[in-house]
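These are the residues of each chain, in order.
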Amino acid sequence: LAALWAMAFCLNCKPSEPYLSKYIMEDKGVSEDDLNHRVYPFSIYGSLLFLGPVGILAEHVGYRAVIMGGLVCRELTRVLLIFAAGVPWMAAMQLTYAGSVAANSIFFAYAYVVVPPQHYALATGGVHAAYHGGNFVGSMLGELLVSHTAVSNHLQILFYISWVTTTAALLLFWLYVPKPSLPQPPSLYSIVKQPNGQAKAAAAVRALYSSSRVRLASL
């Protein structure tokens, strides 16, 4: 659990993110119009491309392979942000970023194949808390560095720091996060493939919302 939480923290501890637009326009030669109309939309296109297949891919190759693929996409995103420039490369960066974010859903579910059921609540709450805690700490760190040091004139330093934390997440996953010890829970995709699968899948979805607490939380 500690390794999962540490990885979640590092995944989202990126002091560079609040300054992404400013950095791309000032350091990468991209105008505001190009940024809004020819760069950022590729994040949406990438989400449409990756979010559907990522669950099916996890079903066939396993959670760990998909999470590693997302971490590689994060590395590519950092490399493009630091070493590439221009609209096409920044658009490609948004595609790799979308691939990394798509793998988050599998990462958040990974706890269920490495810890026993009695620890599910602790694992789920801890991973999400660490992930959003990383965002808070990273953003505050970026704000402090820009406000009180010479980093305001060298924003690329923030992106190097984010590359370090992203790489730390990859190393934590590779070296310390345990491999699955429990079977993957059945997905809706696997249920649909069974005889009378559509009815079984619909029943499974209804069962997810059978608890009044779940309905209230979802609302």
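Everything numeric in this text was worked out from a predicted model, so none of it was measured.

> Could you give an account of the nonpolar core, naming the residues involved and the relevant values?
Counting residues in hydrophobic clusters, the biggest one holds 32 residues, and the most contacted among them are Leu4, Met7, Ile67, Leu71, Phe107, Tyr110 and Phe173. Mapped by element, the contributors of at least two residues to this core are α1 (2–12), α4 (41–61), α5 (63–83), α7 (104–109), α8 (120–148) and α9 (156–175). With six residues, the top contributor of residues to this core is α1. With near-sequence residues (within four places) excluded, Phe107 lies in contact with Leu4, Met7, Ala8, Leu11, Ile67 and Val127. Core analysis: the next-biggest nonpolar cluster, separate from the first, contains 18 residues, Ile24, Met90, Leu155 and Leu158 among them.

> An account of the pattern of salt bridges is requested, with residue identities and associated values reported.
On inspection of all chains with the given rule, the structure shows four salt bridges. Taking the shortest distance from any N to any O, the salt bridge between Lys22 and Glu26 comes out at 2.9 Å. Here the residue Lys22 and the residue Glu26 both occupy positions in helix α2 (residues 20–27), the gap between them amounting to four residues, near one helical turn. Classification of Lys22 as partly exposed rests on a relative accessible area of 35%. Classification of Glu26 as exposed rests on a relative accessible area of 52%. For Asp34, the salt bridge identified is with Arg38, shortest N-O distance 2.5 Å. Placement of the pair is Asp34 and Arg38 together in helix α3 (residues 32–39), with a separation of four residues, close to one helical turn. A single salt-bridge network, built from bridges that share partners, covers Asp33, Asp34 and Arg38.

About the thresholds
- Residues numbered from 1 in each chain as written.
- Predicted model: local features only at pLDDT ≥ 70, side-chain atom pairs only at ≥ 80, totals over all residues.
- Heavy atoms only, no water.
- Core = buried A, V, L, I, M, F, W, Y, C linked by side-chain atoms within 4.5 Å.
- Buried < 20%, exposed > 50% of the residue type's maximum accessible area, 1.4 Å probe, protein only.
- Helix = DSSP H or I, 4+ residues; strand = E, 2+ residues; numbered from the N terminus.
- Contact = heavy atoms within 4.5 Å.
- Salt bridge = Lys/Arg side-chain N within 4 Å of Asp/Glu carboxyl O.

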